[in-house]
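Analysis of the macromolecular model
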Amino acid sequence: MVDFDATFFAHVVNFIILFAILSKFAFKPLIKVLDERSNRIVNDLDSAEKTRVEAERLKAQYTLQMEEARNEAAAIVARATQNAQTIEAEARTQAQAEKNQMISAAKQNIENEKQQAIADVRKQVIALATEIAGKVVSQKLDSPEDQALIARTADGVL
């Protein structure tokens, strides 16, 4: 069996005194440090969770902004394409109108030149006819009536 002698009781008393001293001076500060550390870890975890939630919110906001930017860029490209097509159509229409105007002006110019040439030929024919008739008749036909007669005759020839 176990002998309970005075050293055993001295050990037990020493253990109790040591336990009381340690609990008063060592355990309480140690528990306090452990509680502070535990609280700091909890606070750090809460802060990390808040940071994660904020990061997700910022990521969603960034994604939304990027999508809006893409949509805006697509709209700008579409407007630019439409403007280019409109400008091209206007340029084609204007070019066609200018072409038609130039053709019309050229036709008018040709018609004017033709009329001028006919008038010049007519004057020359009248002059020649008058000269020929004058030589044939041996006199000069200068009166307005003679000129009118010759003009009618020339018109009939042309």
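A few points on the structure. Keep in mind that what you see is a predicted model, and the values were worked out from it rather than measured.

1. What to know about the overall build of the protein
Helix and strand counts for the protein stand at two helices and zero strands. In terms of C-alpha radius of gyration, the protein reaches 61 Å, well past the compact-globule figure of 15 Å for 158 residues. With the C-alpha coordinates of the protein rotated into their principal frame, the extents come out at 190 × 30 × 15 Å. Residues counted as buried form 4% of the 158 residues belonging to the protein. Within the protein, the 23 negative side-chain charges are centred at a point lying 1 Å from the centre of the 20 positive side-chain charges.

2. Let's talk about the pattern of salt bridges
For the coordinates displayed, the defined rule picks out five salt bridges. Glu-49 is the partner of Arg-52 in a salt bridge, and the nearest nitrogen-oxygen pair spans 2.3 Å. Residue Arg-52 and its partner Glu-49 are located together in helix H1 (residues 6-137), separated by three residues, close to a single helical turn. A relative accessible area of 39% places Arg-52 in the partly exposed class.

3. A word on the packing of aromatic side chains
Tallied over the entire structure, the rule returns three aromatic pairs. Note on Phe-15 and Phe-19: the rings are 6.3 Å apart at their centroids and 25 degrees apart in plane angle, and the pair reads as stacked. Taken together, the residues Phe-15 and Phe-19, both in helix H1 and four residues apart, mark about one turn of the helix. Taking relative accessible area as the criterion, Phe-19 reaches 48% and is therefore assigned partly exposed. Among the aromatic residues, those joined into a ring-pair cluster are Phe-15, Phe-19 and Phe-27.

What counts, and where the lines are drawn
- Each residue is numbered by its place in its chain's sequence as written, counting from 1.
- In view of the model being predicted, local features appear only for residues whose pLDDT reaches at least 70, and side-chain atom pairs are presented and counted only at 80 or more, with totals across whole chains, interfaces and linings using the full set of residues.
- Only hydrogens and water are set aside when side-chain values are computed; all heavy atoms of the structure are taken into account.
- The secondary structure listing takes helices from DSSP runs of H or I that are at least 4 residues long and strands from runs of E that are at least 2 residues long, numbered from the N terminus.
- Here the globule rule is a power law, 2.2 Å times the number of residues to the power 0.38, and the radius of gyration is based on C-alpha atoms.
- The rule is simple: take the accessible area with a 1.4 Å probe, protein chains only, and divide by the maximum for that residue type; under 20% is buried, over 50% is exposed, in between is partly exposed.
- Just so you know, the count uses Lys and Arg for positive and Asp and Glu for negative, and it drops His and the chain ends.
- Charge placement uses NZ in Lys and CZ in Arg. For Asp and Glu, CG and CD serve respectively.
- Put simply, a salt bridge is a Lys or Arg side-chain nitrogen that is within 4 Å of an Asp or Glu carboxyl oxygen.
- Planes of paired rings set the category: under 30 degrees apart is stacked, over 60 is edge-to-face and the rest tilted, where pairs are Phe, Tyr or Trp rings (Trp by its six-membered ring) whose centres lie within 6.5 Å.

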